[in-house]
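Residues per chain are reported as follows:
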Amino acid sequence: MEPRSDERPLPQDVGRAFYIFRRGQPVCPPAGRSVVIVQGARMAKQHDMPEDLFRVRHSLAHIMAEAVLERYPDARPTIGPPVENGFYYDFAVGQPFTPEDLDAFEARMKQIVKGNYEFKRREVSEAEARRIFAANPYKIELIDGLASGAGDDMGDEEEAQPAGQAISIYSQDTFTDLCRGPHVASTKEINPDAFKLTSTSGAYWRGDEHNAMLQRIYGVAFRTRRELDEYLQRVEEAKKRDHRKLGRDLDIFVFDDEVGPGLPLWLPNGGILIEELERLAKEVELRAGYDRVRTPNLTKEDLFLKSGHLPYYAESMYPPMELEGVKYYVKPMNCPMHHKIFAAKQHSYRDLPMRLAEYGTCYRYEKSGELFGLMRVRSMQMNDAHIYCAEDQFEQEFMGVIGLYLEYFKLFGIEKYVMRLSTHSPKGLGRKYIDNEALWLKTEEMVRSAMTKHQVPFVEVPDEAAFYGPKIDVQIWSVIGREFTLATNQVDFAQPGRFNLTFINREGKEETPLCIHRAPLSTHERMIGFLIEHYAGAFPVWLAPVQAMVIPIADRHVAYANQVAGRLRAEGMRASVDDSTERMQNKIRKAQGQKIPYMLVIGDKERDAGAVAVRLRTGEDLKAMPLEQFIARAVPIMKSRAPDL
RNA sequence: GCUGCCUUAGCUCAAUCGGCAGAGCAAUCGCUUCGUAAGUGAUAGGUUUCGGGUUCGACUCCCGAAGGCAGCUCCA
């Protein structure tokens, strides 16, 4: 088996796809609980990770604040929670921190830890808390929140505390912080060699870009030096399979400054990946009853006004071009045009469900800082389709799409993902979301019950829906740990009405269909970015840009090598001949570097016997075998899209 | 977009205090014709990302822009 994208271990004891999200990050389950809530998960936060680590990380955040305040007395600590692998603390401070600051903070923290200071908890009245933190407007704001029953310095606003509950403060050495705890009893519980400050960055107060920007310092912390080293090692290893690096090494894609940021150029090897994925999608979608359509990359403004996209998405659309007084937009999604295709004909209930598929190319003007290799780009080709169905067909259609997800994940061996039911939030109605709460609740329940009935595990996260309806997103992680939505399955109760889409039902009356937006194979960009990392560049045979490299040992073997490659190509394999003047060893090394599945070495013996000596990229040497025998082995593996070699 | 950092040959990186811009790999041309992860010689490759400034002199210092990286925000 080829390596999978698993170097960022999931919390232990957690069933796959069964863990909890907090602020979009998966977090550990309560100690001793192996399966966790699927819906509306809210939990006592001190149990998000083993409690001793939670205390250590949380306490280190306070100790870091002490070190920061010693060096910068004007800094104002704001919020500093433990997080996966460590902790951070956000400070309001005049000057951003420098790498030298970090070194100094870390050195000072080690001293403090070795000082064996006690962490003392004290409960204070609201008035006293206001006195203690009078010089820190951020803490005062937190106290305001506590007094009114909102969150605390963990930044977890959803987890409301009863109003009027006692306010607690924690002190160690010279530092006192507003804090719920818990903490270590003494700094001697902290291993001074098992933590490290890793980075600084800007971060908005309370995660809102309209607020002031604070300076965040991240640290990682573990129980032992060894665990810390292992973590740092894992991070280094992960960088090696970063799709941005492998994409260049394997000649899959490039970015060019003169073309523009976020606009990838697919090299021939990338072109092959795209072709293979589209071939897969077309086969699967043909079987699943989809019709393929094609639509323009450009449409008049009116269409996006009608769809309702412009008010919500204008910021991430390329600005319009105006011709003869008419504004045209480059499309950021295909749906409005698919709706128009549905509307082009009158439909009977007998036509439904109607499934319109298109690998459409869309353009979205993502903010510059949001671009990320292939995972977040400005031009993308989506595995898009829209399913128009009657309400009583919804469950089957929606779960049919989920079935496609699962089929693809099995094919690719994707095991680390989470399905997320993204729902609306009441406060976003009319702003982020279509203002029809009844329909939200109804469609959310439709999805929830369909998923539950079919026993597909999911987590539920409010305020993540599309503007037109709830959705099931499939969350995956890039090799460096960033979370992305890979695939999506969205309910749309808004656009069919806006487009006056109707069908004639059994009673002979007009009825508005539901629409399901879905993209199980994501976009080519994100899917391939993910697959590069998932396979660490060692693609299964069917995806490998070069499937077999024929390696003649000496010049006199080149003619036969070309013959072999020709025979393989006749079987539909992508085979090349390395006829460079290098030695065989060097040719093998290069082919290994390109992660080519099969290396076929050819010398006198093979030429004379009509054979090939097969070396797999795993290093395994299958020795010489008749060419036809190799074909009998490899071609079925290729055609069946098997993971084997 | 915001905060910080970075940008030297196709790639990975050097260049002392401001004093002649270098190496490995890759590429090209030879020699070598080899049995499972680097044979060998030579050649070429640079307006040090771009635009200003300071200086006798700038890869090096200052200002601005572009692109990238980390995080925030946002997202397929």
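Before reading on, note that the structure itself is shown above.
Residues numbered from 1 in each chain as written. Chains lettered and ligands numbered in written order. Predicted model: local features only at pLDDT ≥ 70, side-chain atom pairs only at ≥ 80, totals over all residues. Heavy atoms only, no water.

Student: Hey, could you run me through the overall build of chain A in this one?
Tutor: The number of helices and strands found in chain A is 18 helices and 30 strands. Going through the 645 residues of chain A one by one, you find that 54% of them count as buried. In chain A, 70% of the contacts between residues at least 6 apart in sequence involve partners at least 24 apart. A total of about 28700 Å² of accessible surface is found on chain A, and carbon and sulfur atoms cover 49% of it. (Helix = DSSP H or I, 4+ residues; strand = E, 2+ residues; numbered from the N terminus. Buried < 20%, exposed > 50% of the residue type's maximum accessible area, 1.4 Å probe, protein only. Contact = heavy atoms within 4.5 Å. Areas by Shrake-Rupley, 256 points an atom, 1.4 Å probe, with all protein chains shown as cover.)

Student: What's the story with the side chain of Glu 285 in this structure? I'm lost.
Tutor: On the secondary structure map, Glu 285 appears in helix α7 (residues 268–287). Side-chain polar atoms of Glu 285 contact the side chain of Arg 292, separated by 2.8 Å. Setting aside chain neighbours within four positions, we find Glu 285 in contact with Tyr 290, Arg 292, Ala 357, Asn 383 and Arg 518. (Polar contact = N/O pair within 3.5 Å; in protein donor to acceptor, adjacent residues only side chain to side chain.)

Student: I keep staring at the pattern of salt bridges and nothing clicks. Help me out?
Tutor: Where charged atoms of side chains with opposite charge meet at close range, the side chains can pair. Under the definition given, this model contains 43 salt bridges. One salt bridge connects Glu 285 with Arg 292, and the closest N-O pair in it is separated by 2.8 Å. For Glu 285, a relative accessible area of 0% gives the class buried. Beyond isolated ion pairs, a larger network of salt bridges with shared partners links Arg 420, Glu 464, Lys 471 and Asp 473. (Salt bridge = Lys/Arg side-chain N within 4 Å of Asp/Glu carboxyl O.)

Student: Help me out: how do you make sense of helix α5 (residues 225–240) in this one?
Tutor: Working note: α-helix, 3.6 residues per turn, so residues spaced by three or four point in the same direction. Counted at 1.5 Å a residue, the expected span for α5 with its 16 residues is 22 Å, and the 23 Å between its end C-alpha atoms agrees. The secondary structure elements touched by the buried residues of α5 are β9 (195–204) and β10 (213–221). (Expected span 1.5 Å × (residues − 1).)

Student: Sorry, what's going on with the sheet that holds strand β20 (residues 459–462) here?
Tutor: Strand pairing in a sheet is mediated by backbone hydrogen bonds. Such pairs are either parallel or antiparallel. In spatial order, the strands read β13-β17-β18-β25-β22-β21-β19-β20; together these eight strands make up an open sheet with mixed pairing. Looking along the sheet, the strands with just one partner apiece sit at the ends: β13 (291–292) and β20. Of the pairings in the sheet, the one linking strand β18 (residues 379–389) to strand β25 (residues 514–518) comprises five bridges and is antiparallel in character. In the strand pairing of β25, Cys 389 is matched with Leu 514. (Pairing = 2+ DSSP bridges.)

Student: Sorry if this is basic, but what is going on with the protein's contact with RNA strand B here?
Tutor: Around RNA strand B there are 54 residues in total, and Tyr 204, Ser 368, Arg 376, Thr 485 and Glu 606 lie nearest to it. Backbone atoms, meaning sugar plus phosphate, form 50% of the atoms of RNA strand B positioned within 4 Å of the protein. For the surface near RNA strand B, the elements supplying multiple residues, two or more each, are β9, β10, α6 (243–249), β22 (483–492), α16 (584–593), α17 (604–609) and β29 (611–616). Broken down by class, the residue content of the surface near RNA strand B amounts to 17 nonpolar, 14 polar and 23 charged. (Near = heavy atom within 4 Å. Nonpolar A, V, L, I, M, F, W, Y, C, P; charged D, E, K, R; others polar.)

Student: Is there a simple way to think about the sheet that holds strand β16 (residues 326–330) in this case?
Tutor: The strand order β14-β16-β15 describes an open sheet built from three strands, whose pairing is antiparallel. Unpaired on one side and paired on the other, β14 (298–300) and β15 (321–323) mark the two borders of the sheet. Averaged over neighbouring strand pairs, the angle between their axes works out to 35 degrees when direction is ignored. Bridge count between β15 and β16: three bridges; the pairing is antiparallel. (Axes fitted to C-alpha atoms, helices over the stretch in contact; angles between N-to-C directions.)

Student: Explanation requested: the nonpolar core in the structure shown.
Tutor: Counting 69 residues, the largest nonpolar core has Phe 398, Phe 412, Met 419 and Met 451 as the members making the most contacts within it. The element that contributes the greatest number of residues to this core is helix α11 (residues 394–412), accounting for ten residues. Apart from the residues lying within four places of it in its own chain, the contact partners of Met 451 are Phe 398, Met 399, Ile 402, Met 419, Val 456, Phe 458 and Ile 472. (Core = buried A, V, L, I, M, F, W, Y, C linked by side-chain atoms within 4.5 Å.)

Student: Would you explain the packing of aromatic side chains in this entry?
Tutor: Each aromatic ring pair is specified by the distance between its two centres and by the angle formed by the two planes. The full count for this structure, using the stated rule, is 26 aromatic pairs. With 5.8 Å between their ring centres and 90 degrees between their planes, Phe 91 and Phe 97 make a pair best called edge-to-face. In this structure Phe 97 comes out as buried when scored by relative accessible area, which is 6%. Considering the side-chain rings of Tyr 433 and Trp 440, the 5.2 Å spacing of their centres and the 70 degrees angle between planes classify their relative orientation as edge-to-face. (Phe/Tyr/Trp six-rings, centres within 6.5 Å; stacked < 30°, edge-to-face > 60°.)

Student: I keep staring at α11 and nothing clicks. Help me out?
Tutor: Spanning 19 residues, α11 covers 27 Å between terminal C-alpha atoms, matching the ideal 27 Å at 1.5 Å per step. Buried within α11 we find Phe 394, Glu 397, Phe 398, Met 399, Val 401, Ile 402, Leu 404, Tyr 405, Tyr 408, Phe 409 and Phe 412. Positioned one or two residues after α11, Gly 413 has a phi angle of 65 degrees, which is positive.

Student: Mind showing me how you'd approach the packing of α7 against α11 here?
Tutor: Helix-helix packing: each pair is described by the crossing angle between the helix axes and the interaxial distance. Packing of α7 against α11 brings their axes to within 12 Å, and their N-to-C directions diverge by 140 degrees. With respect to α11, the element α7 is oriented oblique. Note on packing geometry: the crossing formed by α7 with α11 is right-handed. Residue-level inspection shows Leu 277, Leu 280, Ala 281, Val 284 and Arg 287 of α7 in contact with α11, the latter providing Leu 404, Glu 407, Tyr 408, Leu 411 and Phe 412. For the contact of α7 with α11, a count of residues per class yields eight nonpolar, no polar and two charged. (Parallel < 35°, antiparallel > 145°, perpendicular 65-115°, else oblique. Left-handed = near helix turned anticlockwise from the far one by under 90°.)

Student: Would you take a moment to explain the environment of Lys 239 for this structure?
Tutor: Among the secondary structure elements, Lys 239 is positioned in helix α5. Residue Lys 239 is classed as partly exposed on the basis of its relative accessible area of 44%.

So, to be careful, I would describe these as geometric facts and stop short of saying anything about function.
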